[in-house]
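The primary structure of each chain is shown beneath.
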Amino acid sequence: MLRRNMSTVLTPKDMEEQGMVIGTCEWCHDENVPVYEDSKRCEDCDYRFHYCSICKEDQFEDDCCRHIFQSDNGWAGSGGDQEETNRSVKAAFLVFLSGMPASFPMDLKLAIQSGKFYTFTIGSLLGTDGVELNGLPYEGLLTNCFKYSHDILELGDSDIAEQSADGWYWLTSLYENETPEANALTIQWIDEFISKGEITQ
Ligand SMILES: [Zn+2]
Ligand SMILES: [Zn+2]
C-alpha cells in the first residue's frame, strides 16, 4: 500500500507551525515521517483521534468512549467540542423532541436532573431491540426504563430519522452526574423547546 509521503508536502516552516517533528508514528509505526510533538502521531493517524473532555484523553474513532460521536458537523457530544457543534446538534435535538410524545421532554428533563440519566441500547445481530432510558421519574409505583423505547425506535425509522439522529446521539453521550455541562445544556434546550409552546401539557 502506498502511503502519502508528507515530508514532501510539508515545508520545515509548516511543520514548525503545526508542532511537528520528523520521527516514528506511535500508532502506525511509520518511520521518518512528520509526527506531532505532543501526540507522537503522524497526521493521518492523529486525524483519527478525538479528545474527550470527560475522559480527559484522546479517543480512537473506531473505539471511542460514549461521550463523543461523529455528528454531521464533526465530533460532538458531552465530551466533544461543544462550541463547534452546538448549533447543529441542538437543531437535531429539537427535531428529536418534536418527534417524541408530548410527555417526553419533561420526563427527560426530570431524568437528567435526577443525575441518574443514561441510555442503554439493547441490540442483536439484526439491529436494535430496545432502548433503555435510565433515571426517568416515577410514575405510580414503577419506573419503566423502556417507556419510550418504542417511540425512539419508531422515530429511527421515520422520515425525520436523519434530521434527528444527532439529537439522539447527543442524548447517548450524557452519563449520570459525570457530564454536568452537557446535562445543563440539554435542560436549557428542553426548556427552550417547551417554552416555544411546541408541546402542550
Ligand atoms: Zn501514523
Ligand atoms: Zn469520554
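Residues numbered from 1 in each chain as written. Chains lettered and ligands numbered in written order. Predicted model: local features only at pLDDT ≥ 70, side-chain atom pairs only at ≥ 80, totals over all residues.

**Considering the overall build of the protein**
What the protein contains, in helices and strands, is seven helices and eight strands. Whereas a compact globule of 201 residues would reach a radius of gyration of roughly 17 Å, the protein reaches 21 Å, over 25% beyond that. In terms of principal-axis extent, the alpha carbons of the protein reach across some 65 × 40 × 30 Å. In the protein, which comprises 201 residues, the proportion classed as buried is 32%. In the protein, once contacts between residues fewer than 6 apart in sequence are set aside, the share between residues at least 24 apart is 46%. (Helix = DSSP H or I, 4+ residues; strand = E, 2+ residues; numbered from the N terminus. Rg over C-alpha atoms; globule rule 2.2 N^0.38 Å. Buried ≥ 20, exposed ≤ 12 C-beta atoms within 10 Å, placed from the backbone. Contact = placed C-beta atoms within 7 Å.)

**Quick look at helix α3 (residues 82-98)**
Spanning 17 residues, α3 covers 22 Å between terminal C-alpha atoms, matching the ideal 24 Å at 1.5 Å per step. Roughly 30° is the biggest bend found in α3, and it falls at S88. Those residues of α3 not exposed but buried are T85, V89, K90, A92, F93, L94, F96 and L97. (Expected span 1.5 Å × (residues − 1). Bend = angle between axes of the 7 residues up to and from the residue.)

**Quick notes on the environment of L171**
Tracing the chain through its elements places L171 in helix α6 (residues 161-172). Given 23 C-beta atoms within 10 Å, L171 falls into the buried group. Sequence separation between L171 and S78 is 93 residues, and the spatial gap between their C-alpha atoms is 8.7 Å.

**Quick notes on the domain arrangement of the protein**
When cut into domains, the protein gives domain 1 (1-47) and domain 2 (82-195). Placing a centre on the C-alpha atoms of domain 1 and another on those of domain 2 gives a separation of 40 Å. (Domains from an automatic or database assignment.)

**Here we look at unusual backbone geometry**
Positive phi outside glycine occurs at H29, with the angle close to 65°. Inspection of the secondary structure puts H29 in the loop between β1 (20-23) and β2 (33-36). Of note in this structure, K56 is not a glycine but carries a positive phi near 60°. Along the chain, the position of K56 falls in the loop between β3 (49-52) and β4 (57-60). Overall, K56 belongs to the exposed group, with 8 C-beta atoms counted inside 10 Å.

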